[in-house]
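Analysis of the macromolecular model
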Amino acid sequence: MTPVDILPQASPLPQLAQQLKSTGYAILSTASVCAWAHCTLDELNAISQSWHGMPADPYLKDGGRYRRRRHASFTFDQGVVSPVAHRAHWQPLTYNALHGGMTRWFEPMPAEVASSEPWLRVLRAFAQTAVDLRTDNTATHTPPVQCIEAHQFRIDTTDGIGRPTPEGAHRDGVDLVGVFMLHRQDIKGGETRVFDARGTSGERFTLQEPWSLLLLDDARVIHETTPIQPTQAGGYRDTLVLTAKQDTFLEEANPNLNTPQ
């Protein structure tokens, strides 16, 4: 892995899809995210307020108390974002050796956030990037529906250490992953690592800037984030993770998957 002491150069928006296709990942600065999503930073920061007071993740199999989380699902079809009835989050063991195979019902995102215009603009930008990643420039067919999952994460240092990716280096089993850095408060660590899924090359860097974004072609790369430790009491790290998959969500062959337990 090549060490990187500073964040790699942000990807220019006009070359975003090409950057993802050529290297498997791309980074957008805060200013670029604002332009990409057609939002002001004030609008994005208003979304960030909903990260306070989130419920604890009840499914951590390592016994930790460091993760708080909410979840929501949407579709994107021909430019229109639509909410999906609240559903469970599920991953196969193939992609998540720690929590795969579990039907996990997280609390939903607040309705006033999930239906807000700035939030919908972020989802449109992300979903369109997923379309562009898998679409040939000469294609004339109707783009496939994008199935989007949104995960609000707060990793804290309640027990002295917090693990953003307790499952280790992994893929998510989707087409496109977006990791937005929202806030780092009184912590050290939290280094992002991106590996070539078919080789040994990789890079490491630490996302610092609020609303900066890492985009990942999930078929091409594996990713993880190192644990965080407090520099003062009460340290935490807030992120938004979006995933997009063509035509379908990851589902378990279980008719009761989306029946609340």
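Let me begin by describing the structure that accompanies this report. If you're wondering where the values come from, they're calculated on a predicted model, not measured in any experiment.

What counts and what doesn't
- Residues numbered from 1 in each chain as written.
- Predicted model: local features only at pLDDT ≥ 70, side-chain atom pairs only at ≥ 80, totals over all residues.
- Heavy atoms only, no water.
- Core = buried A, V, L, I, M, F, W, Y, C linked by side-chain atoms within 4.5 Å.
- Buried < 20%, exposed > 50% of the residue type's maximum accessible area, 1.4 Å probe, protein only.
- Helix = DSSP H or I, 4+ residues; strand = E, 2+ residues; numbered from the N terminus.
- Contact = heavy atoms within 4.5 Å.
- 1 Å grid on protein atoms, 1.4 Å probe; cavity = no way out; pocket = protein on both sides within 12 Å on 5 of 7 lines; lining within 4 Å.
- Points joined across faces, edges and corners; volume = space filled by probe spheres on them.
- Nonpolar A, V, L, I, M, F, W, Y, C, P; charged D, E, K, R; others polar.
- Pairing = 2+ DSSP bridges.
- Salt bridge = Lys/Arg side-chain N within 4 Å of Asp/Glu carboxyl O.

1. A word on the nonpolar core
Most often, soluble globular proteins have nonpolar side chains that are buried together. Counting residues in hydrophobic clusters, the biggest one holds 41 residues, and the most contacted among them are W36, F74, W119, F180 and L242. Ranked by residue count, the leading element in this core is helix α5 (residues 117-134), at ten residues. Leaving out residues up to four positions away in the same chain, W119 has contacts with I47, F74, M109, V113, A114, A150, L240 and L242. V177, M181, V194 and V221 belong to the second largest nonpolar core, which has 15 residues in total.

2. Examining empty space enclosed by the protein
Tallying each qualifying case throughout the model produces two cavities of 30 Å³ or more. Approximately 410 Å³ is the volume attributed to the largest cavity. Forming the walls of the largest cavity are 29 residues, and the residues nearest its centre are F153, E167, H170, D172 and V241. Here the lining of the largest cavity is built from residues that sort into nine nonpolar, twelve polar and eight charged. Size it by volume and the second largest cavity reaches roughly 40 Å³. C147, E149, V174, T243, A244, K245, T248, F249 and L250 together form the lining of the second largest cavity. When contributions to the lining of the second largest cavity are tallied by element, the ones reaching two or more residues are β5 (146-156) and β13 (236-246). With three residues, β13 is the largest single contributor of residues to the lining of the second largest cavity. When the residues that make up the lining of the second largest cavity are grouped by side-chain class, the tally is five nonpolar, two polar and two charged.

3. Details of the layout of surface pockets
Looking at the largest pocket, its volume works out to about 210 Å³. Along the wall of the largest pocket there are 13 residues; nearest its centre are A72, F74, P83, V84 and A114. Mapped by element, the contributors of at least two residues to the lining of the largest pocket are β3 (67-77) and α4 (111-114). Per-element accounting of the lining of the largest pocket gives the leading share, four residues, to β3.

4. Examining unusual backbone geometry
We note that D186 has phi near 55°; this positive angle belongs to a residue other than glycine. The class for D186 is partly exposed, based on a relative accessible area of 24%.

5. Some points on the pairing of strand β6 (residues 176-185)
Within β6, eight of the ten residues are buried, which leaves the element mostly enclosed by the surrounding structure. With six bridges joining them, β6 and strand β10 (residues 212-217) adopt antiparallel strand pairing. Counted as the bridge partner of G178 is L215 from β10. Sheet topology places β6 next to β13; nine bridges connect them, and they run antiparallel. Its bridge partner lying in β13, G178 is registered against L242.

6. Focus: the pattern of salt bridges
Inspection of the entire model under this criterion finds twelve salt bridges. Here R121 and E43 are joined by a salt bridge, their closest N and O atoms 3.1 Å apart. With R121 in helix α5 and E43 in helix α3 (residues 41-48), the pair connects residues that are 78 residues apart, well separated along the chain. Overall, E43 belongs to the partly exposed group, its relative accessible area being 25%. Among the ionic pairs, R67 bridges to D57, the shortest N-O distance being 2.8 Å. Remark: D57 occurs in the loop between α3 and β3 and R67 occurs in strand β3; sequence separation between them is ten residues. For the pair R67 and D57, one class covers both residues: buried. By sharing partners, the salt bridges in this structure join E43, E117, R121 and R124 into a single network.

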